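The lines below spell out each chain.
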Amino acid sequence: MSTKKISLTGIKPTGTPHLGNYLGAIKPALEMANSGDFEGYYFIADYHSLITVHKPETLKEYIYEVAATWLALGLDPKKITLYQQSHVPEIMELNWILSCFTAKGLMNRAHAYKAMIQDNEERKKDLDHGVNMGLYTYPVLMAADILFINSNVVPVGADQVQHIEIARDIANAFNHVYGEVFTLPEAKVQEGELVPGLDGRKMSKSYDNYIPLFLPEKKLKKLINKIKTDSTEPSVPKDPEDSIIFDFYKLFATEEQIADLAAWYRRGIGWGEAKLELFNVMNDHLKGPREIYNELMADKSKIDKILEEGAARVRPKAQEILKEVKKSIGVL
Ligand code: TRP
């Protein structure tokens, strides 16, 4: 059996994947698994989406979009196990078991739930307005996602760190009673700058300032042209460090390209020219993946097969661990 550490992460299919997801989560997760030091288990957290997505056709499409995104960006399903959360019922069994070791107070402190309550308070609504139990216990399911195969490392964006800490707390509470059954997972956050959105704030679906990853070329160009700039003349020298266009450029360009564009900024660059440079590096980077993505979305049977194989690979592992857990608690 492999003694490699397990790297595991999930993406919630709640909308079309964007650049922030790629640079903040997908890219580092793939680099980690492709380094050869980890066994990768990457999945589509469809039951997490059910908290908010209640249209079956929409949910189905989002699931395919996330799967196709992983694959288009370089996930090799022979090396990394790609699966859909709901295909692994063992996770749901563990979810219940773990919920019996989760203090209610711990859930009260979870960010997503707290934000919702605060929002209701500001709008003078009932505090529980719009809160279903899925949202409230979201971190328990996430702990089950992570603990069901004893993951070691969880590459995630900074906003998910609290959830990994909660998973550790829950694992500890269980281990405290039954001994060292669960491995304590660690969050691995991508270092460096946050991916900015079109308005300069963090790129996020909720701010509606994101760039979808696989936009057709023309639309990508259009979106880049919409980035707000001031009215300084092209010939006036500009500070590259004070420009969202340059921030984006840095995410895709080589060191040499970055230095060249910075020099051009300082000599004086027209915003239209800067935007075109940005479009070119971004498009070069995304062209290949975009083609693969479109092919996969046009023939989804390939995705179905990969997800089936992924579930078949992860389930025996899950069953083995679940058996230990069940023995520990005394139901087996
Ligand atoms: N909560 C994560 C997000 O919104 C998705 C997720 C669900 C996840 N389960 C996970 C991430 C387990 C890492 C590990 O992005």
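Residues numbered from 1 in each chain as written. Predicted model: local features only at pLDDT ≥ 70, side-chain atom pairs only at ≥ 80, totals over all residues. Heavy atoms only, no water.

Among the nonpolar cores identified, the biggest contains 62 residues, and Leu 19, Tyr 42, Trp 70, Ile 211, Leu 278 and Met 282 are the most heavily contacted of them. Mapped onto this core, the elements with two or more residues apiece are α1 (19–34), β2 (38–44), α3 (56–72), α10 (217–225), α11 (244–252), α12 (255–267), α13 (271–298) and α14 (301–329). Counting residues per element, this core draws most heavily on α13, at 10 residues. In terms of domain composition, this core takes at least three residues from each of domain 1 (5–195 + 300–329) and domain 2 (205–292). Leaving out residues up to four positions away in the same chain, Trp 70 has contacts with Thr 9, Ile 11, Ile 26, Ala 29, Leu 30, Tyr 42, Phe 43, Leu 75 and Leu 82. In terms of nonpolar packing, the next biggest core, distinct from the first, is built from 45 residues, Phe 148, Ile 149, Ala 171 and Phe 182 among them. (Core = buried A, V, L, I, M, F, W, Y, C linked by side-chain atoms within 4.5 Å. Buried < 20%, exposed > 50% of the residue type's maximum accessible area, 1.4 Å probe, protein only. Helix = DSSP H or I, 4+ residues; strand = E, 2+ residues; numbered from the N terminus. Domains from an automatic or database assignment. Contact = heavy atoms within 4.5 Å.)

Around the ligand there are 14 residues in total, and His 48, Tyr 138, Met 142, Asp 145 and Gln 160 lie nearest to it. Contact between the ligand and Asp 145: a nitrogen atom at 2.7 Å from a side-chain N or O atom of the residue. The separation between a nitrogen atom of the ligand and a polar side-chain atom of Gln 160 is 2.9 Å. Notes on the ligand: free accessible area 360 Å², of which the protein chains cover 90%. Secondary structure elements with two or more residues in the shell around the ligand: β1 (5–11), α8 (138–147) and β4 (153–156). In terms of residue count, the dominant contributor to the shell around the ligand is α8 (four residues). (Near = heavy atom within 4 Å. Polar contact = N/O pair within 3.5 Å; in protein donor to acceptor, adjacent residues only side chain to side chain. Areas by Shrake-Rupley, 256 points an atom, 1.4 Å probe, with all protein chains shown as cover.)

Let us now look at the domain arrangement of the protein. The assigned domain composition of the protein is domain 1 (5–195 + 300–329) and domain 2 (205–292). Between domain 1 and domain 2, the contact holds 14 residues from the first and 14 residues from the second. The contact between domain 1 and domain 2 buries some 1300 Å² in all, and 72% of this surface belongs to carbon and sulfur atoms. When residues of domain 1 are sorted by the area they lose upon contact with domain 2, His 18, Leu 19 and Ala 72 head the list and together hold 42% of the total. Summed over the shared surface of domain 1 and domain 2, the number is zero salt bridges. Linking domain 1 with domain 2 are three residue pairs in polar contact (both at pLDDT 80 or more), by the criterion used here. At the level of secondary structure, the elements contributing two or more residues to the side of domain 1 that touches domain 2 comprise α1 and α3. The greatest single-element share of the side of domain 1 that touches domain 2, amounting to four residues, is contributed by α1. (Buried area = accessible area lost by both parts, 1.4 Å probe. Salt bridge = Lys/Arg side-chain N within 4 Å of Asp/Glu carboxyl O.)

The next thing to look at is the side chain of Gln 162. Relative to the helices and strands, Gln 162 resides in helix α9 (residues 161–178). The contacts of Gln 162, once residues within four sequence positions are left out, are Arg 109, Ala 110 and His 111.

UniProt tags residues 13–21 as "short sequence motif: 'HIGH' region" (unreviewed entry). With 33% helix and 0% strand, residues 13–21 has its two end C-alpha atoms placed 11 Å apart. (UniProt positions renumbered as here; feature names shortened; annotations may be inferred.)

Counting buried positions along β2 yields seven of seven residues, so the element is predominantly enclosed. Residues Phe 38, Gly 40, Tyr 42 and Ile 44 point to one face of β2 and Glu 39, Tyr 41 and Phe 43 to the other, with burial holding for every one of them. Two strands pair when backbone bridges link them, and β1 and β2 are joined in this way by seven bridges, in the parallel orientation. Its bridge partner lying in β2, Lys 5 is registered against Phe 38. Regarding topology, α1 serves as the crossover connection from β1 to the parallel β2, and that connection is right-handed. Pairing between β2 and strand β3 (residues 81–84): four bridges, direction parallel. Pairing of Ile 44 across the sheet is with Gln 84, part of β3. (Pairing = 2+ DSSP bridges. Right-handed = clockwise from strand over helix to strand, strands pointing away.)

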